[in-house]
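Chain by chain, the residues:
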Amino acid sequence: MAALLPAEWIKNWEKGGKSEFVQLCRALSENKNHDVGFRDIQQALYELAYHVVRGNLKHDQASNVLGDVIEFREDMPSILADVFCILDIETSCLEEKNKRDHFTQLVLACLYLVSDTVLKERLDPETLESLGLIKQSQQFNQKSVKIKTKLFYKQQKFNLLREENEGYAKLIAELGQDLSGNITSDLILENIKSLIGCFNLDPNRVLDIILEVYECRPEYDDFFVPLIESYMYMCEPQTLCHILGFKFKFYQDPSGETPSSLYRVAAVLLQHNLIDLEDLYVHLLPGDNAIIEEHKREIVEAKQIVRKLTMVVLSSEKTEEKEKEKEKEEEKTEKPPDNQKLGLLEALLKIGDWHHAQSIMDQMPPFYSTSHKPIAIALCQLVHVTIEPLYRRVGVPKGAKGSPISSLPNKRAPKQAESFEELRKEVFNMLCYLGPHLSHDPILFAKVVRLGKAFMKEVGAVKKFVSDRVVKFQSDGSKQEDKEKMETLFSCLLSITDQVLLPSLSLMDCNACMSEELWGMFKTFPYQYRYRLYGQWKNETYNSHPLLVKVKAQTIDRAKYIMKRLTKENVKPSGRQIGKLSHSNPTILFDYILSQIQKYDNLITPVVDSLKYLTSLNYDVLAYCIIEALANPEKERMKHDDTTISSWLQSLASFCGAVFRKYPIELAGLLQYVANQLKAGKSFDLLILKEVVQKMAGIEITEEMTMEQLEAMTGGEQLKAEGGYFGQIRNTKKSSQRLKDALLDHDLALPLCLLMAQQRNGVVFQEGGEKHLKLVGKLYDQCHDTLVQFGGFLASNLSTEDYIKRVPSIDVLCNEFHTPHDAAFFLSRPMYAHHISSKYDELKKAEKGNKQQHKVHKYITSCELVMAPVHEAVISLHLPKVWDDISPQFYATFWSLTMYDLAVPHSSYDREVNKLKVQMKAIDDNQEMPPNKKKKEKERCTALQDKLLEEEKKQLEHVQRVLQRLKLEKDNWLLAKSTKNETITKFLQLCIFPRCIFSAIDAVYCAHFVELVHQQKTPNFSTLLCYDRVFSDIIYTVASCTENEASRYGRFLCCMLETVTRWHSDRVIYEKECGNYPGFLTILRATGFDGGNKADQLDYENFRHVVHKWHYKLTKASVHCLETGEYTHIRNILIVLTKILPWYPKVLNLGQALERRVHKICQEEKEKRPDLYALAMGYSGQLKSRKPFMIPENEFHHKDPPARNAVPATVQNGPGGAGMPTSLTINTVRLEEGTTEETADKLKEKSQGVVKVINKTVNATPKVTTSNGNSASNSKIIKEKDDKEKSGKEKDKEKKDKTPAATPEMKALGKDGKDKPKEERANKDEKAREIKEKTPKSDKEKEKVKKEEKASKEEKSKTVVTIIESKSTAEKEREKEPSRERDLAKEMKSKENAKGGEKVPVAGSLKSPVPRSETSESEREQKRRKVDTHSSPSHSSTVKDNLNELKDSSAKHYINHTTPALSKSKEREVEKKDLDKSRERSREREKKDEKDRKDRKRDHSNSDREVPQDSTKRRKEENGTTGSSKHSKSESPSDSPRLNEKEKEKNKSKSSGKEKGDSIKAEKMEKSSSGSKKESRHDKEKTEKKEKRDSTGGKEEKKHHKSSDKHR
């Protein structure tokens, strides 16, 4: 810094320096910049003084010039003193003493310029002492310390603030005066200021006193608030806040309680923004951390309570628990410290300062503040006030007055809501903070709900629920903005419902009114929104708050208590308790109840009954809970074995059905759920739809329908309801209407049908990938049954318009929706019926012609009108090739008709009418019934009766019209451009098979339709071929069915068999219904037709052969299925067999073969597959009960004494052979042999005598044993003899059986075999032999074959000797036949052996597993046994049968019958003689056998066991190893058939001779009888030889037999 005093001035001080210095000082002091002038003067003076200190200038010179300068500025002495102060410090630090001396001299010289006082302030005490200004520096220091202490630190005793008490008294009087006059805050403020000044009052203390007075006079807000506001201008801004904070602090000790008046004052000041919340908040206790900790602790405590409630506590632990709880409660009763934040919050809410209240709530955990009741109530009150005007306008119900609520006096309170938009902005936010604690104010709850309802009503007028699940609103001319506002409002309403209303309902104590009130609003929401809300309520809300956690636990605890005690007896009281509990917490309660139902299905009925006290909301919640339980992803839908649907799902489904039927619950959600599951390719949940439709509409789907019920189902609606279902389902009108409405309102009727129809195949090909076959079948059945049931419901409940509007045409269904054809027609069928009937009615009204013909004509016209487009439409469903054989018209007719159209179930109508008559009689006889009730009941019965009779009449007319229509149509049905065979194939493939397994009624329909087509004499339709194809090989069709389809297929076969059996039973019926019908023509092609009278028509006897063939084929197929070991094959065939039991088996040997196989199944499956075991046992029992009605084969198809011609000897021999062509019978014989063998073995073991064998076989296997007594006599004689030999009872039974059904059936079977021309047969024999030689054989079998060939040669030679005269070429041919048949039999067996394995082919498998001969048997018995097995000649060619042969056979048959019959009287004589002889013989035998048996019993007591087990075990043991046992099945029986064949040969050759004789003369009868004696002699010889041969085998078997007994 540049020096202001140049050195020259000092040198020339006296000359010019002094004056220069003075001028400089003057210039500096006149400088306008005050600060700069001050600093420069200070520097100039300093430099001057410094020159003196250094000795450059004398001190008197300096003091003189300073004296001149001092006047320039007022503060010049002070500046000079500062300069001296600085120099004092500087010089005191210097070592040169002279400089210090210079300084003191200068100061002394200037003492007159600066006062002592200033110098004493600024200079050091030592300097002052040296200057002489003070005596001693030490004393001076002490004195200054004392003065400072006195000044700053010593307190005056009387008044800290030096105030006077009088001032405060005056201040309080000023503030406490009456403020009602003209006194204003400004006036008072001036007075206060005066008091402060006058009495020296502390302003802060005054403010404190103003606040105290305000606390005491809260009503004077308008006075105090402006006063404080004005006063605050005199204070620092923070002062007010600090004073309030200080006040709050005062009450923060544990015993302190903050007065509400203080909270109020703070709140008002906050509201007027006189203080900041942030500033005040820090003064309040408890801290935020403490609040969060407390909240966490509450949650933990709630969870502990929950745990305790769910824990199982043993009694000993209970007491300890209780004691601990008591201690804890005592601790809790100690009062918690005051929460000042909540107190302030409450005050803010009470004065309506929502803004600050919200800020405080935001600082705390959610709902923590409102969980304190005073705060919740304060907030509720604020909401009450805010919604008042809107509520008065739209919310008050009609007729209700309500108490109006006055608004807050506070202008700064929230604005009251006048519109829904304002409601959203102001109130919804408040409600969200309130949360579940709205429960404290039910009235406000109701108001909010009513406002919601009013809003929905306002919107409802214009609301449309659009497909994208968004609610769109369109009011008249409303703009996009309004729409958006409405949507926002709606979503806010949903949020409030979710966060506030439902949780609050949970905390209310069983308030049913609130529940109903809430439903008023809820029912205006689409179910999607409601269910979403329930889901949130159930799964999330209860975890959001400790209180709700506790409530949930308590509800579950209570629910457990009720459910433990719920029974059928206490439904009412338990129901009331459930009702109470459900009003508040339905989701939790129902969740628990459903979990119990899933475990214990016996709870379903009592629970359903106990739900009668629920509110509408609760029913809706129940529907949601059911759907949620069904959709539970954690639950497996199948049992652990993966073969059946889980029981929980079944229980839920049946609960669903019951509950939806009984109570008015909305169905849309449930139906949509099923549809969604189907869309996703899951069909398990169809079980629910099935149950719901069954219970609500009364439409049952069951495979266990009786034939009576089925018959009733073919009538009208009334008959169906009365006789078609198991349960008398009444009062379904309302519930079915509800179901219909739900389906139509939500457009689910058709989608569900289509989804089910598509899902049927989806079950197999998509869903069923990894699943067990049994389960896939079950699901398929369930899907199919539900479709049938649901379609039935729609057909009977939808109006014609509704139905037609919804179901598209058949081609659209099939081609666009890919609906399978059967399902598509099933859905369209009611539409066609509706259409036709409405057209028919139109035509009737148009022309009033009453004649029947006119009506029929009109009906046919209406049919044509309706069906013509259908005929066009169906063409696209199949390839053009199909329509070469059947016409689209026939196809459409078949698929569009039902049983209702084809026949009237008169017997069903009569049955129901009779039931009603019985009921009426019972009502009359009932003395206890009151008369008015009697009258009502009788009226009901009479009305029903009239309805039924009217319905029957109506159906009868309808059926007649339909038959007329079919008569006209039939000529165009079958075009047969290829062959009849092809036509039948198409008919079966496209019509019969798909439909016969569709439903039980369709199965009956198919059978009836076939019969109808036959009766109508439809051109190109071969009935014979059709039946033949149906019965011939059922293995594949049976194997590919599901369980229910098998049942329906069984019904179809049963009805087909019924028709066939009716024709078979009586020649008259056959001639009348089939004789000259085109369906029974045997010419299918012209080849091999050799004319003759009526040769192209199948005659009665041949028809009986054919029927036998069909029965045999059925047996063959059944046995094959039973022996496959495949679950599906066995189950299905058992189901089919059970269904066809009334008509099959009729032939004893076929029945026995079946019985054996079924018995085997029973044994094998008992442990492995209990369901198969149960089926087999059931069938076995029923089969046994049918046994007495079975007849031997010879009665089943058997001709009247056949012609006496030489040729057909074979045919007439033996009962079985009677009238049965060889080709047909061979396999049946095998069956028969099997059965006779087994029965025989059984008898052998139990009673080794012939007598018993004879008697038993007479009874159990009727007519087999007796048949060969005199094999040469005519078959009729034999038959009669059989009858006589039977015991009386047996005879009666058989007669019964024979007349209606049995005989005809049997007759039917045999036809084809006879027919083949002899040349063909010979060729066949050779071929068969070749095949036989090619096939590999076991050694045993080869030996047997050799032996048999030898034996047959011997027999032949003997026969030739005996009846050499009567031999003719034809007979030679016949002799060849048995051996050819034997060869064929061998061929079949060898094939089976070659195949090996378990799947033993049919023919072999049907044979008895036990070898025929045993050494223990007496010779006579042996012979007798052999004679027995002749029962029928073997028919091998059945397997290759075809209808050509039928034709030929009929031709041959007529040739055979040219000779005249024997005179009846002679026949009778012969018969009598024969009978007498045979009786004598049998008596002798019986005696002998009795002895033999006693002897044997002693020897073979072990062998007295059941045969079936024996035989199977013996079979295994014969082979030694279990591995080879399979072969033994087919090998071991191979002897027996051959032996039988040999014997047959003998008999045939003999009988042929006899018969020739007969035909020449009647007298030769005696000869023939003697011939028979000769024959029996031959038989004896043969049997002896054979016995020797077989004895070895017999012994061997005996050993095995014993060993097997031991083993057992």
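Calculation criteria
- Residues numbered from 1 in each chain as written.
- Predicted model: local features only at pLDDT ≥ 70, side-chain atom pairs only at ≥ 80, totals over all residues.
- Heavy atoms only, no water.
- Axes fitted to C-alpha atoms, helices over the stretch in contact; angles between N-to-C directions.
- Helix = DSSP H or I, 4+ residues; strand = E, 2+ residues; numbered from the N terminus.
- Parallel < 35°, antiparallel > 145°, perpendicular 65-115°, else oblique.
- Left-handed = near helix turned anticlockwise from the far one by under 90°.
- Contact = heavy atoms within 4.5 Å.
- Nonpolar A, V, L, I, M, F, W, Y, C, P; charged D, E, K, R; others polar.
- Phe/Tyr/Trp six-rings, centres within 6.5 Å; stacked < 30°, edge-to-face > 60°.
- Lys NZ or Arg CZ within 6 Å of the ring centre and 35° of its normal.
- pLDDT = per-residue confidence, 0-100.
- Expected span 1.5 Å × (residues − 1).
- Buried < 20%, exposed > 50% of the residue type's maximum accessible area, 1.4 Å probe, protein only.
- Salt bridge = Lys/Arg side-chain N within 4 Å of Asp/Glu carboxyl O.
- Core = buried A, V, L, I, M, F, W, Y, C linked by side-chain atoms within 4.5 Å.

## Here we look at the packing of helix 24 (residues 480-507) against helix 27 (residues 546-565)
Relative orientation and spacing of two packed helices are given, respectively, by the angle between their axes and the distance between those axes. At a minimum axis distance of 10 Å, the contact between helix 24 and helix 27 shows a crossing angle of 55°. In terms of their interaxial angle, helix 24 and helix 27 are classed as oblique. The handedness of the crossing between helix 24 and helix 27 comes out as left-handed. Between helix 24, through Pro503, Ser506 and Leu507, and helix 27, the contact on the second element is made entirely by Leu547, Leu548 and Val551. In terms of residue class, the contact of helix 24 with helix 27 is made up of five nonpolar, one polar and no charged.

## Things to note about the environment of Lys778
Within the element layout of this structure, Lys778 appears in helix 39 (residues 773-797). Taking the C-alpha atoms as reference, Lys778 lies 8.4 Å from Asn1044; in sequence the two are 266 residues apart.

## Observations regarding the packing of aromatic side chains
Tallied over the full model, the rule gives 49 aromatic pairs. Each residue in the set Phe825, Trp883, Phe890, Tyr891, Phe894, Trp895, Trp973, Phe987, Tyr1005, Phe1009 and Phe1021 is aromatic and connected to the rest through ring pairs, giving one cluster. Between Arg205 and the ring centre of Tyr168, over which it is positioned, the NZ or CZ distance is 5.1 Å. Here Lys1017 stacks its cationic end above the ring of Tyr1077, 4.7 Å away from the centre of that ring.

## Focus on the confidence of the model for the chain
In the predicted model, the chain carries a mean pLDDT of 74, and 69% of its residues have values of at least 70. No element of the chain has a lower mean pLDDT than helix 59 (residues 1209-1212), at 33, and none a higher one than helix 15 (residues 260-271), at 95. Within the model, pLDDT remains below 50 along residues 1085-1093, and this stretch shows 15 contacts once partners closer than five positions in the same chain are excluded. The low-confidence segment residues 1591-1604, where pLDDT is below 50, has 27 contacts with residues more than four positions distant or belonging to other chains.

## Focus on the packing of helix 39 against helix 52 (residues 1043-1065)
Following both chains from N to C, one finds helix 39 and helix 52 inclined at 60°, their axes separated by 7 Å at the closest point. One finds that helix 39 runs oblique with respect to helix 52. Every residue of helix 52 that contacts helix 39 at Tyr780, Asp781, His784 and Asp785 is listed here: Glu1043, Asn1044, Glu1045 and Arg1048. Broken down by class, the residue content of the contact of helix 39 with helix 52 amounts to one nonpolar, two polar and five charged.

## Some remarks on helix 55 (residues 1127-1139)
The end-to-end C-alpha separation of helix 55 is 18 Å, in line with the 18 Å expected for 13 residues at 1.5 Å each. Summarising burial for helix 55: twelve of the 13 residues are buried, a large majority.

## With respect to the pattern of salt bridges
This model, assessed by the stated rule, comprises 50 salt bridges. The residue Glu215 makes a salt bridge to Lys247 at a minimum N-O spacing of 3.9 Å. Taken together, the residues Glu215 in helix 12 (residues 203-216) and Lys247 in helix 14 (residues 238-250) connect sequence positions 32 residues apart. The shortest N-O distance in the salt bridge between Arg806 and Asp802 comes to 3.5 Å. Placement of the pair is Arg806 and Asp802 together in helix 40 (residues 800-806), with a separation of four residues, close to one helical turn. Classification of Asp802 as buried rests on a relative accessible area of 16%. Bridged by salt links that share partners, the residues Asp208, Glu212, Glu215 and Lys247 form one connected network.

## Digging into the nonpolar core
The nonpolar side chains of soluble globular proteins are, as a tendency, buried together. Leu344, Phe655, Leu752 and Phe1052 are the most contacted members of the largest nonpolar core, which has 317 residues in total. Here the element with the most residues in this core is helix 31 (residues 616-630); it accounts for eleven residues. Those residues in contact with Leu752, other than ones at most four positions away along the chain, are Leu671, Val674, Ala675, Leu678, Leu689, Leu743 and Phe790. Phe21, Leu57, Leu106 and Leu133 belong to the second-largest nonpolar core, a separate cluster that totals 41 residues.

## What about unusual backbone geometry?
For the peptide bond that leads from Leu285 to Pro286, omega is -5°, which places it in the cis range. Residue Pro1145 follows Tyr1144 across a cis peptide bond; omega there is 0°. As for its placement among the helices and strands, Pro1145 is situated in the loop between helix 55 and helix 56 (1148-1168). Even without a glycine there, the phi angle at Cys510 is positive, about 35°. Position of Cys510 among the secondary structure elements: in the loop between helix 24 and helix 25 (512-522). In this structure, Asp747 is a non-glycine residue whose phi angle is positive, near 50°. Note on placement: Asp747 falls in the loop between helix 37 (733-745) and helix 38 (749-767).

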